[in-house]
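# Close look at the chain arrangement
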Amino acid sequence: QVQLVESGGGLVQPGGSLRLSCLASGFTFSSYDMSWYRQAPGKQRELVAEITTAGGSTNYADSVKGRFTIARDNAKNTVYLQMNSLKPEDTAVYYCYAKSRRWYWGQGTQVTVSS
């Protein structure tokens, strides 16, 4: 059974940091490109960051460049999103996404940036 389980979301003040984790199971994690997406209320889901299978290449949305870092540990079947200097506009549900010949979504974790 394929599972992507996100964790690490929560409430944080502007300027703060959070680290999201996504634990994968049920498929060959190291063969999948991994991404983080987010969806704010009333908005479309958007790509935040992505990383290739061995972690050799990453890509970020312009809105998070220099503040967020995506990383993966294939030995732990986990992808991470380190989020620094958080802003209220980063408030959203964050989703983990795995893509290869097939694709899978996690259930999402809420991130709220508010004072």
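All of the points below concern the structure found in this document. (Residues numbered from 1 in each chain as written. Predicted model: local features only at pLDDT ≥ 70, side-chain atom pairs only at ≥ 80, totals over all residues. Heavy atoms only, no water.)

## Some remarks on the environment of Tyr-80
Heads up, the rule is: Helical segments are the DSSP runs of H or I of at least four residues, strand segments are the runs of E of at least two, and each set is numbered from the N terminus. Relative accessible area decides the class of each residue, using a 1.4 Å probe on protein chains only: under 20% of the type maximum gives buried, over 50% gives exposed, and in between gives partly exposed. When checking whether two residues touch, look at their non-hydrogen atoms; a contact exists if any pair is within 4.5 Å.
With respect to the secondary-structure elements, Tyr-80 resides in strand S8 (residues 78-83). Overall, the relative accessible area of 14% leaves Tyr-80 in the buried class. Taking the C-alpha atoms as reference points, Tyr-80 and Ser-21, 59 residues apart in sequence, are found 4.5 Å from one another. Setting aside anything within four residues of it in sequence, one finds Tyr-80 in contact with Arg-19, Leu-20, Ser-21, Trp-36, Thr-69, Ile-70, Ala-71 and Asp-73.

## With respect to the side chain of Ser-21
With respect to the secondary-structure elements, Ser-21 resides in strand S3 (residues 18-25). What Ser-21 contacts, discounting residues up to four positions off in sequence, is Val-5, Glu-6, Ser-7, Trp-36, Thr-78, Val-79 and Tyr-80.

## Considering the nonpolar core
A general tendency of soluble globular proteins is for nonpolar side chains to be buried together. Threshold: By nonpolar core we mean a set of buried residues, namely Ala, Val, Leu, Ile, Met, Phe, Trp, Tyr and Cys, connected to one another through side-chain atoms within 4.5 Å.
If you look at the biggest cluster of nonpolar residues, it comprises 31 residues, and the most contacted ones within it are Leu-4, Met-34, Trp-36, Val-79, Leu-81, Met-83 and Tyr-94. For this core, the secondary-structure elements that each account for two or more residues are S3, strand S4 (33-39), strand S5 (46-51), strand S7 (68-73), S8, strand S9 (92-99) and strand S11 (109-113). Leave out the neighbours within four places in its chain, and Met-83 touches Gly-16, Ser-17, Leu-18, Leu-20, Arg-67, Phe-68, Tyr-94 and Val-111.

## What about the pattern of salt bridges?
Put simply, the rule reads: Salt bridge, as used here: a side-chain nitrogen of Lys or Arg that lies within 4 Å of a carboxyl oxygen of Asp or Glu.
Counted according to the given criterion, the structure contains four salt bridges. Close ionic contact of Glu-46 with Arg-38 constitutes a salt bridge, the shortest N to O distance being 2.7 Å. For Glu-46, a relative accessible area of 35% corresponds to the partly exposed category. When the shortest N-O distance is used, the salt bridge between Asp-62 and Lys-65 registers 3.2 Å. Several salt bridges converge on common partners, so that one network encompasses Arg-38, Glu-46, Arg-67 and Asp-90.

## Brief notes about the pairing of S4
Spelled out, the test is: When DSSP locates at least two bridges between a pair of strands, those strands are taken to pair.
Within S4, five of the seven residues are buried, which leaves it mostly tucked inside the rest of the structure. Pairing analysis gives seven bridges linking S4 to S9, with the strands arranged antiparallel. Bridge pairing in S9 places Asp-33 opposite Lys-99. As paired elements, S4 and S5 share five bridges and run antiparallel to each other. Paired with Met-34 across the strands is Ile-51, a residue of S5. In this antiparallel pair of consecutive strands, S4 and S5, the connection spans six residues, and Gly-42 shows a positive phi of 75°.

## Focus on unusual backbone geometry
Of note in this structure, Asn-77 is not a glycine but carries a positive phi near 50°. Relative to the elements of secondary structure, Asn-77 occurs in the loop between S7 and S8. Positive phi values are uncommon outside glycine, yet Ser-85 reaches one of about 50°. Among the secondary structure elements, Ser-85 is positioned in the loop between S8 and S9.

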